[in-house]
Amino acid sequence: MRAFKFLRRPVGPKDVAIEIQYCGVCHSDIHTGLGHWGPQKLPLITGHELAGVVVAVGGSVSRYRVGDRVGVGCMVDSCGVCSECTVGFEQFCTKGTTWTYGSPTSDPTGVTQGGYSNVAVVKEHFVISVPDNIELAAAGPIMCSAVTVYSPLRHWDVRPDSKIGIVGLGGLGHIAVKLAKAMGAKVIVLTTSSDKVADAKKFGASDVIVNYDKASMDKYSRSLDFILDTVPYKHEMDPLVSLLKRDATLCLVGVGKADEPNQLAPITNVLARNSFAGSLIGSIRETQDVIDFCSQHNISPEVNLIPIQQINSAWREVIDKKARYRFVIDMTSLKKEI
């Protein structure tokens with residue numbers, strides 16, 4: 001990656017212009033940039049965990065003023081009139097959600113450009129208010145990683161009497177543990193990294209299973225109400241289903257390479273009438289809900305601030321599972337490039 005100068009669209013009547021101060025580094029950025037999910041129109045600027053300050057608003061904007069602390073997540077537009085949009089599920093827009101980067105647009109570069117940049121122009125509806133007690137450096141990852149796990153935790157009704165599994169303790173998994181713990185659930189973490197056991201317990205896990213340890217797997221056989229799988233690469237999923245109670249669900253939110261799909265043996269789900277599901281990101285309403293929930297419960301992602309000049313090495317560390325736990329770019333460092 002290298003610096004690229006481009007123009008944003010002018011601020012329209014319903015637009016908010018944001019000075020981006022921080023942007024989280026999501027594994028989705030890497031999958032997209034490396035072509036794991038298909039070819040991309042280049043040049044492309046990734047980044048969909050934006051946090052910053054409003055610097056201009058359009059004449060029809062009512063919710064935001066110059067100086068407000070705000071964030072932007074994975075999407076910046078949708079049709080607004082389809083059956084999904086009208087009930088508040090913009091991420092499932094039947095006419096096609098406009099993602100924060102890589103979506104066709106009438107903007108000057110022909111595709112939306114993401115948050116590894118110094119300014120964004122976004123429709124008011126897709127801008128999120130950041131509570132005063134949330135640091136802006138931590139707000140960006142909440143726009144994607146937190147809402148991606150918060151949405152299924154809410155949808156599958158995780159509550160104080162729930163016993164759930166979280167698979168993977170990376171950028172998504174670590175915040176999922178914190179959120180589920182705050183919801184009152186008993187959390188079991190499954191990880192391939194033995195050096196993350198102490199962190200998992202610090203974040204709120206009551207127990208940790210490393211590499212499908214047989215004794216631990218037997219201990220939790222048919223005992224979990226729900227499993228959230230955050231791993232973004234191909235991995236064994238059949239052993240996870242054995243931990244679920246009858247009629248319970250395994251939900252996948254980690255998405256890896258398109259040509260390396262995960263597999264489940266048909267008999268796996270049949271034995272206890274279990275369900276396998278997937279979940280995308282969250283809606284705009286859910287994104288505001290989760291950052292407000294984090295504010296109320298003093299939850300923050302574990303962030304590691306870096307200058308933009310370290311972005312290439314940061315991507316390598318994410319791939320090598322060395323990130324602890326979310327790289328966030330200090331976008332003031334971009335001034336040295338432009």
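Analysis parameters
- Residues numbered from 1 in each chain as written.
- Predicted model: local features only at pLDDT ≥ 70, side-chain atom pairs only at ≥ 80, totals over all residues.
- Heavy atoms only, no water.
- Salt bridge = Lys/Arg side-chain N within 4 Å of Asp/Glu carboxyl O.
- Helix = DSSP H or I, 4+ residues; strand = E, 2+ residues; numbered from the N terminus.
- Buried < 20%, exposed > 50% of the residue type's maximum accessible area, 1.4 Å probe, protein only.
- Core = buried A, V, L, I, M, F, W, Y, C linked by side-chain atoms within 4.5 Å.
- Contact = heavy atoms within 4.5 Å.
- Phe/Tyr/Trp six-rings, centres within 6.5 Å; stacked < 30°, edge-to-face > 60°.
- Lys NZ or Arg CZ within 6 Å of the ring centre and 35° of its normal.
- UniProt positions renumbered as here; feature names shortened; annotations may be inferred.
- Patch = residues over 30% accessible without salt bridge, like charges linked within 9 Å, V, L, I, M, F, W, Y side chains within 5 Å.
- Areas by Shrake-Rupley, 256 points an atom, 1.4 Å probe, with all protein chains shown as cover.
- Pairing = 2+ DSSP bridges.
- Axes fitted to C-alpha atoms, helices over the stretch in contact; angles between N-to-C directions.
- Expected span 1.5 Å × (residues − 1).
- Bend = angle between axes of the 7 residues up to and from the residue.
- Parallel < 35°, antiparallel > 145°, perpendicular 65-115°, else oblique.
- Left-handed = near helix turned anticlockwise from the far one by under 90°.
- Nonpolar A, V, L, I, M, F, W, Y, C, P; charged D, E, K, R; others polar.

**Q** Run through the pattern of salt bridges, naming residues and quoting values.
**A** Under the criterion given, the structure shown has 13 salt bridges. Note that Arg326 is salt-bridged to Glu49, the shortest N-O span being 2.6 Å. Of this pair, Arg326 sits in strand E15 (residues 326-330) while Glu49 sits in the loop between helix H1 (27-33) and strand E2 (50-57), placing them 277 residues apart in sequence. Where Arg273 meets Asp247, a salt bridge forms, and the shortest distance between an N and an O atom there is 2.6 Å. Note that Arg273 is positioned in the loop between helix H7 (266-270) and strand E13 (275-278) and Asp247 in strand E12 (residues 244-252), a separation of 26 residues in sequence. Arg273 sits in the exposed class, given a relative accessible area of 56%.

**Q** How would you sum up the environment of Ser279? Please name residues and give values.
**A** With respect to the secondary-structure elements, Ser279 resides in the loop between E13 and helix H8 (284-297). Its relative accessible area of 19% is what places Ser279 among the buried residues. Through-space distance from the C-alpha of Ser279 to that of His155 is 9.6 Å; in sequence the pair is 124 residues apart.

**Q** Tell me about the nonpolar core, and name the residues and values.
**A** Among the nonpolar cores identified, the biggest contains 81 residues, and Tyr116, Leu153, Leu179, Val189 and Leu228 are the most heavily contacted of them. Counting residues per element, this core draws most heavily on helix H2 (residues 136-155), at 11 residues. Sequence-distant contacts of Leu228, defined by excluding residues within four places in its chain, comprise Val149, Pro152, Leu153, Gly165, Ile166, Val167, Ala176, Cys251 and Val253. Counting 17 residues, the second-largest nonpolar core is a separate cluster that includes Val167, Leu243, Leu244 and Leu250.

**Q** Which residues make up the environment of Thr32, and what values do they have?
**A** Mapped onto the secondary structure, Thr32 falls in helix H1. Excluding anything up to four places from it in sequence, Thr32 contacts Trp37, Gln40, Leu44 and Tyr101.

**Q** Residue-level account of the packing of aromatic side chains, with values.
**A** Using the criterion set out here, one finds five aromatic pairs in the structure. Judged by centre distance (5.7 Å) and plane angle (10°), the rings of Phe4 and Phe6 are stacked. Residue classification places Phe4 among the partly exposed positions, given a relative accessible area of 33%. By relative accessible area, Phe6 is classed as partly exposed at 22%. Judged by centre distance (5.9 Å) and plane angle (55°), the ring pair of Tyr150 and Phe293 falls under tilted. One end of the pair, Tyr150, is in helix H2; the other, Phe293, is in helix H8, with 143 residues separating them in the sequence. The residues Tyr150 and Phe293 share a single accessibility class, namely buried. We note Arg285 situated over the ring of Phe89; from NZ or CZ to the ring centre the distance is 5.7 Å.

**Q** Mind laying out the UniProt feature "domain: Enoyl reductase (ER)" (unreviewed entry) in the protein chain, listing which residues take part and the relevant values?
**A** The feature "domain: Enoyl reductase (ER)" (unreviewed entry), as annotated in UniProt, sits at residues 2-329 in this numbering. With 26% helix and 23% strand, residues 2-329 has end C-alpha atoms that lie 14 Å from one another.

**Q** Give a description of a nonpolar patch on the surface that names residues and reports values.
**A** Judged by side-chain polarity, Phe92, Trp99 and Leu280 come together as a nonpolar surface patch covering roughly 250 Å² of accessible area. Relative to the elements of secondary structure, Phe92 occurs in the loop between strand E4 (75-77) and strand E5 (98-99). A relative accessible area of 37% means that Phe92 is categorised as partly exposed.

**Q** Kindly report on the environment of Asn298, identifying the contributing residues and their values.
**A** Structurally, Asn298 is set in the loop between H8 and strand E14 (303-307). For the pair Asn298 and Ile134, spaced 164 residues apart in sequence, the C-alpha separation works out to 8.2 Å.

**Q** Got a sec to walk through the sheet that holds strand E8 (residues 163-167)? Specific residues and values, please.
**A** Taking strand neighbours across the sheet as the criterion, the six strands line up as E10-E9-E8-E11-E12-E13 in an open arrangement whose pairing is parallel. Only two strands of the sheet have a single partner each, and these edge strands are strand E10 (207-210) and E13. The average undirected angle you get between the axes of adjacent strands in this sheet is 20°. Two elements, strand E11 (residues 224-229) and E12, share five bridges in a ladder whose sense is parallel. When the sheet's bridge partners are listed, Leu224 is paired in E12 with Leu244. H2 contacts E8, E11 and E12 of the sheet and is inclined by roughly 160° relative to E11.

**Q** An account of H2 is requested, with residue identities and associated values reported.
**A** Between its first and last C-alpha atoms H2 spans 27 Å; for 20 residues at 1.5 Å apiece the expected length is 28 Å, and the two agree. The axis of H2 is deflected most strongly, by about 50°, at Ile142. Within H2, 18 of the 20 residues are buried, which leaves the element mostly enclosed by the surrounding structure. Once H2 ends, the next one or two residues include Asp157, with phi positive near 60°.

**Q** So what about the packing of H2 against helix H3 (residues 171-182)? Which residues, and what values?
**A** Packing of H2 against H3 brings their axes to within 8 Å, and their N-to-C directions diverge by 50°. If you check the angle between H2 and H3, you find them oblique. Where H2 crosses over H3, the two elements pack in a sense that is right-handed. Of the residues in H3, those in contact with Ser145, Ala146, Thr148, Val149, Tyr150 and Leu153 of H2 are Gly171, Leu172, Ile175, Ala176, Leu179 and Ala180. Of the residues in the contact of H2 with H3, the class split is nine nonpolar, three polar and no charged.

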